[in-house]
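Secondary and tertiary structure notes
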Amino acid sequence: MQVDMIKTISEKLQSHGVRPSFPRVKIYEYLFAKRSHPTVDEIYQHLSPGMPTLSRTTVYNTLNLFLKENLVHQINIDEREVRYDATVDEHGHFQCDSCRCIYDFPVNIDGLELNALGGFRIREKNLYLKGVCSRCLITIKRGIINEEVEGDKDR
Ligand SMILES: [Zn+2]
Ligand SMILES: [Zn+2]
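Calculation rules
- Residues numbered from 1 in each chain as written.
- Chains lettered and ligands numbered in written order.
- Predicted model: local features only at pLDDT ≥ 70, side-chain atom pairs only at ≥ 80, totals over all residues.
- Domains from an automatic or database assignment.
- Contact = placed C-beta atoms within 7 Å.
- Axes fitted to C-alpha atoms, helices over the stretch in contact; angles between N-to-C directions.
- Helix = DSSP H or I, 4+ residues; strand = E, 2+ residues; numbered from the N terminus.
- Parallel < 35°, antiparallel > 145°, perpendicular 65-115°, else oblique.
- Pairing = 2+ DSSP bridges.
- pLDDT = per-residue confidence, 0-100.
- Buried ≥ 20, exposed ≤ 12 C-beta atoms within 10 Å, placed from the backbone.
- Expected span 1.5 Å × (residues − 1).

Moving on, we get to the domain arrangement of the chain. Split by domain assignment, the chain resolves into domain 1 (1-87) and domain 2 (89-155). If you look at the interface, domain 1 gives six residues, while domain 2 gives seven residues.

As structure tokens, this is what we get:
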């Protein structure tokens, strides 16, 4: 990790009232650099070879702290696993049924017509779309992979 990157991330964490310990900086860096909406397990498996003292509990607790301080968002697009996102600006998510990748896309969620909920207090606004991504569609059309997607098999 570059010194500049450590400094930038440390400042970012501090500006949210989070003490920038080494595991916290590494976890945030992974989320920020990868932008793949990883799970606790993916983060742990990626970082543990270089940090033998890291535990899944530390990763989990760190993410909860980041959530509380609005450094990350939780993504519940996949009912089987919770994912985390360092992009906290307004955007929607698309999950591919075939490769299970999650894609970000810009969307004006605040512009949604919600008059029917007048008088309600809205805590979260998420836009989750599902289908097949363009890369997988090309592969399916070529007949390389079967149209039957992973998500349907275990139902
Ligand atoms: Zn795909
Ligand atoms: Zn995202």
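Our focus in this paragraph is the packing of helix 2 (residues 22-34) against helix 4 (residues 56-68). It is the contact of helix 2 with helix 4, at a shortest axis distance of 10 Å, that shows an interaxial angle of 75 degrees. Taken together, helix 2 and helix 4 sit at an angle that is classed as roughly perpendicular. Packed against helix 2, whose contacting residues are Pro23, Arg24, Ile27 and Tyr28, the element helix 4 presents Thr58, Val59, Thr62 and Phe66 at the interface.

Another aspect to go through is the sheet that holds strand 4 (residues 102-105). As summarised here, the arrangement of the three strands in space is 4-3-5, forming an open sheet in which the pairing is mixed. Sheet topology places strand 4 and strand 5 (128-131) at the edges, where each strand pairs with a single neighbour. Strand-to-strand twist in this sheet, taken as the mean axis angle between neighbours without regard to direction, amounts to 25 degrees. Looking at chain direction, strand 3 (residues 92-96) and strand 5 are connected through four bridges and run parallel. For Cys96, the partnering residue across the bridge sits in strand 5 and is Gly131.

On average, the chain scores 90 in pLDDT, and the residues at 70 or more come to 92%. Ranking the helices and strands of the chain by mean pLDDT puts helix 4 first, with 97, and helix 6 (residues 150-153) last, with 51.

Right, let's get into the environment of Tyr28. With respect to the element layout, Tyr28 can be found in helix 2. Using a count of 23 C-beta atoms within 10 Å as the deciding quantity, one classes Tyr28 as buried. Separated by 38 residues in sequence, Tyr28 and Phe66 place their C-alpha atoms 8.6 Å apart. Contacts of Tyr28, omitting those with residues within four sequence positions, involve Ile9, Leu13, Phe66, Leu71 and Ala86.

In an α-helix, one turn spans 3.6 residues; hence positions three or four apart end up facing the same way. Taking 1.5 Å as the rise per residue, helix 2 with 13 residues should run 18 Å; its terminal C-alpha atoms sit 18 Å apart, in good agreement. If you check which residues of helix 2 are buried, you get Arg24, Val25, Lys26, Ile27, Tyr28, Tyr30 and Leu31. Buried residues along helix 2 sit in contact with helix 1 (3-15), helix 3 (40-47), helix 4 and strand 2 (83-85). Trailing helix 2 by a residue or two, Arg35 shows a phi angle of about 50 degrees, which is positive.

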